[in-house]
Amino acid sequence: MMTQVASPMDVLLAYPGPWLCWILPIIGALITPLIGRVSRRAMNLSAVLFALSAVLSASTMIPWLLNGRWPGDVRLMRWVVFPDRPPLEVGLLIDPLSIIVANVVALISFLIVVYSVGYMHGDPCLPRYWFFFLFFIGNMLLLVLSDNFIMLLVGWEGVGLCSWGLIGYYYRDEKEYWVGGPPPTPMYSPSHCGMKAFIVTGFGDVLLLAAIFIVYHYAGTFNFMELIASSSSWLRYLSATPGLLSLTALLMLGGPIGKSAQFPLHEWLPEAMAGPTPVSALIHAATMVKAGVYLVARVSPIFYIGYWGLGLSEASTFFIAIAVIGCFTAFLAASQAMVSLELKKALAYSTISQIGYMMLALGVSGLNEGVYTAGLAAGIFHLISHALFKASLFLCAGCVLHAVESIYMSDMGGLRRVMPITHALMLIAALSLSGIPPLSGFWSKDAVLHSCLIAGTPLSTALFIVAAITAAMTFFYSIRFISLTFYGEPSENIEEKLEEGHLHEAPAIMWTPIAILDILVILIGLIAILGLISPAWSPEHFLEERLSHSIGPIEVMTHGGEAPAIMVPSISGAMLLIGGVAGYLLYLGRKVDARRLVESSPLLRGIYTFLWNRWYINSLYYLIFVDGILSLKDALYRWLESAVLDRGLNYGVPRLFKGLYHELKRVQTGVLSVNILYLIIAYLVIFISLLYLFAGGV
Amino acid sequence: MSQLYPLTQILIIPLAATPVVYLYARKMGRSAGYVAAIPLAYTLLLLLTLLPEAAKGVKHLESYTWAPSIGLTFGLLADGLSIWMMITINLLALLMSIYSVRYIDHRVKELFGGESPSTAYASYYALYLLYEVGMMGTVMSTNLIQFYLFYELMLVPSWLLINNYGYGDRERVGLLYFLWTHVGAVILLVGILSTYWITGSFEFSALSLIAAKPQAPFIVAAFLIGFLTKMAVFGLHLWLPDTYTQAPTSITALLSPAMSGIAPYAIVRFIVVPMYPVYQRFQPILVAWALITLIYGGLMSLAQDDVKRYLAYSSMSQMGYILLGVASMSTLGTSGAIFHYVSHGFGKCILFAVAGALLYRIGTLSISRMGGLADRMPVTATLTLLGIFTIAGVPPTSGFMSKWMIFAGVFDGPLSTSLMGISAATVILLMTVITIAYGLWIVKRIFFGPLAEGLEMVEDPPASMEAPLIILAVIAILVGLYPRIVSDCLFSALSALHV
């Protein structure tokens, strides 16, 4: 923890990597569109180079992570100086958590940028695309690296802004870019979806703001390290008001719940696919939704100290709430992924569900004193592995959509012969998503389940069961979307395209980045196998060891509850079997016709309708927040503003005076205008009140 | 520096330039806007030279004997609290005078047809400068009478400007504006006279003397009603929508961001600082009032089809924010309120000027007849977005800085003492999502979607209308990146407020 008096230049020179890593993409966002005025090729090159510069600068931090000595809090300059409190400084917090997340963000964003060059080829609005894209990356890295809440908020809002710009990228709202449907299910225009994302996450952001300012009121600082270091005093002070610590914990979670699309603020993410597909990949894998997970991990030490260090029972609200919300969301979203018709929507629900797993791991980490590092490590491990396979899945989906020109899986089918590379790449990623060994997803999902199990409280056991069931559902919907896309008979749409000779494999610039992602997925899985032989190789152990240091001043018990080592793999294996058999019968092998099965039973049909209508949550929100507010404003405008206030006061009162004036005119044919009369009355009223005030001797 | 009497110059030079600009405009017509900009640019430079001192908490005072019999001096003051008010007013006036060149030319030709009288230009710019002097004088005043005189001085030229150059039934609207704010001012006068009656002085310093007197709540109430009328909070806002809509756009771009914001400044100067304990009793009412204004203005702006009327209600809603900051009774919140005046000034000035540009190019302000304009007017669309982000508090604009300070202040003041208060404050914050909603919705309706019929040939406004707005947007972002340039001044003036 370094508090420096060095000049800003010295700080920049001493730690160039962390600073450049977010500044360069932002500079790139400003320069790249300008280069576009000269040459398109140069513009694309510039975008790729700026994204690469972020990767390179971020990678300079990796040695710190490996050798276990990192700079900590590096402060550049005073940003806002308060009269009665320590100043707010521009600073970065470089510790294992931020180094890991920053590198994941930078690398995956870079690969998506390369892919975009191919995907967005020929788009006339490319300068705007690159502006938002690079600005997105820069803001996400700023969010991850900042050492205080206010700078984090700058990145946080910046990410929201860019998501708005990119989701609503096709702002002309041509019909081909609408998502949802098919009718009668409502369809939404891209600009509508962008707004929805910004407003729904805006709700969460406001809750987070409230939490930050409550904490600030008691702690007097926005700096993470200072908050952790002084937590024993300000947490006690804050918890003196009963209920306040719980409230703060819940509000603090509001931001992550919104950004990471967790229940009840999850409804924006399925529509967020209205943007170009690389944008979906960026939002789902590298940026935005990961911000919430990061923030929960970042602030969880405060509540851990409060609960286990200071014995403040209300601090556990934080962990219980996020564990329950995460687990429920994982289940909720997985259930909807099982019926989605749009390929990207299935992937979107899958993201919500997987983020739920991460939140669950971070939540259970506080339920047992000894599980903290295991839970934290599991959450971050799953973040990394999900980032890789989900980016791969979305980019593959982009290749498919590009080729078949439809968002519905019913317009696909049998694509594996036409697009063998995409098929292979997407299959690997989908298997990793389902948790098939030895891919990375298997290890990280088992880590999550394991941390649930060893927490050992009744709640965590219940959550474990739900999470395990969700694992079965995950495999089921993975098989479903892979089968509907690549296997089975080609749909009419595909037949037509084949005849016209339009269907083709994606170009190398698009599949190479995906291949790199898949190689990483496999590589992590292989390293984890080595970890079985020697713990030194285990990614989970490595994360656990490194992350245990970032908590700060208190000692963390690293070994708490135990569970038989074979238990989690065998349970998740059983779940895979259930999901796999069901998926095989219905979709891959087509032994049973899924549609006929649903129609044959009223119960199944009911469930299907319920899931298809998104548990009716989306329509309920629209009813209350959109239709409700829109009709309220009309009613208020018509009945209060126009009828009573404007009519009454601005027309009625003058008319009254006018009437009086006509009466008066009979007596006195002067030049009194209504206005002067009005004024005289005003003065009279005031004079009388003056008399009342003073002569009356109040 | 003090030998140069910068504040006196700031007042005198635009005043002295008025006849010059008038005569120039008689001869040369519309280009007088550039001439009017010269004295304003000079005074802005003078103000900037005072900035470093103000940031350190130094008060710059120039005073002259006025009426010794009642101990009245004519004083001009610039300190941390007022310096950014003055810079904002001056900057906006400067940029809008350049913007006016093409805009008012368009309006005058509309009003008078082909052979427009040169007096129309002349009186516009003369009144324009007088209006600026009125606003600056109000902010610089050191005593109540002087304040009142300037307060009325800014009213008269602005009324005439609306009356002569406005749209629609401009005479009625001008009168409406005049009466409402004038009645507000008169109630203010009651407070001023009572203060004199009790303390025997008109100086601001006398205000702290009445804090302990039993009449203090009544005086505070009189001040508040006077200022809240100018601020157009809910119930006292009825002059606002018509005025902002029908006033010539270059004037609305000053009315809303620059003028109505003088009221919260005055609340801080008159009430919050000298009479803190008395003010505390009004806090619950003010918080509630701020909240109602904020939400009501937001809902009303959602209901509008006219761009300027939409912006008018959005101004009302933003005044709710500023009032919330003032009502938070904390150093952070009060500073945030004045800071937000600055941010709102930048953002709302851009937006009203954009409305003027739309009128200039399209000839209508009806949102339902627009759509898809981002293709045709990319610069205007970008400026609109930046304006909306500045107001909605999206980083890196200055609005982000000012808004979080207001919010932090709400949780830092007396509201934070109980769980109820904190929950209430949270609900207040939750309501603020509506500002993002109405901001983005109008962008969607005007600029996104398919291009509306008949707009195929529309393009961005001429450079003299665009450049001032680009400058403002850049300044808004720079202040957002380096907020200390504003916050140091405010904190130095308001640190005594310690809560």
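Refer to the preceding data block for the structure.
Not measured: the values here are computed from a predicted model.

Caption draft 1: Local environment of the environment of Gly 311 of chain A. All names here are of chain A. Along the chain, Gly 311 falls in the loop between α13 (289-309) and α14 (316-337). Taking relative accessible area as the criterion, Gly 311 reaches 55% and is therefore assigned exposed. For Gly 311 and Ala 58, which are 253 residues apart along the polypeptide, the C-alpha to C-alpha distance reads 38 Å.

Caption draft 2: Highlighting the interface of chain B and chain A. Facing 72 residues of chain B, the contacting portion of chain A comprises 68 residues. Note on chain B versus chain A: buried area summed over both sides is about 6,200 Å², and carbon and sulfur give 77% of it. Inspection of the region where chain B meets chain A yields one salt bridge. Residue Asp 412 of chain B is joined to Arg 85 of chain A by a salt bridge in which the shortest nitrogen-to-oxygen separation is 2.9 Å. For the interface between chain B and chain A, the tally reads five residue pairs in polar contact (both at pLDDT 80 or more). Element by element, the count of residues in the side of chain B that touches chain A is highest for helix α6 (residues 170-199) of chain B, at 13 residues. Residue classes in the side of chain B that touches chain A are distributed as 49 nonpolar, 15 polar and eight charged.

Caption draft 3: Broad picture of the pattern of salt bridges. All names here are of chain A. Scanning the entire structure with this criterion turns up 18 salt bridges over all chains. Glu 271 is the salt-bridge partner of Lys 196, the closest N and O atoms lying 2.7 Å from each other. Of this pair, Lys 196 sits in helix α8 (residues 190-219) while Glu 271 sits in the loop between α11 (244-259) and α12 (277-286), and the two are 75 residues apart along the sequence. Residue classification places Lys 196 among the buried residues on the basis of a relative accessible area of 9%. Look at Glu 271 and you get buried, because its relative accessible area is 1%. One salt bridge in this structure joins Lys 259 and Asp 205, with 3.7 Å as the shortest N-O distance. Of this pair, Lys 259 sits in helix α11 while Asp 205 sits in helix α8; the two residues are 54 residues apart in sequence, bridging distant segments of the chain. Given a relative accessible area of 0%, Lys 259 falls into the buried group. Here the residues in one salt-bridge network are Asp 73, Arg 75, Glu 89, Asp 147 and Glu 226, joined through shared partners.

Parameters and conventions
Residues numbered from 1 in each chain as written. Chains lettered and ligands numbered in written order. Predicted model: local features only at pLDDT ≥ 70, side-chain atom pairs only at ≥ 80, totals over all residues. Heavy atoms only, no water. Helix = DSSP H or I, 4+ residues; strand = E, 2+ residues; numbered from the N terminus. Buried < 20%, exposed > 50% of the residue type's maximum accessible area, 1.4 Å probe, protein only. Contact = heavy atoms within 4.5 Å. Buried area = accessible area lost by both parts, 1.4 Å probe. Salt bridge = Lys/Arg side-chain N within 4 Å of Asp/Glu carboxyl O. Polar contact = N/O pair within 3.5 Å; in protein donor to acceptor, adjacent residues only side chain to side chain. Nonpolar A, V, L, I, M, F, W, Y, C, P; charged D, E, K, R; others polar.

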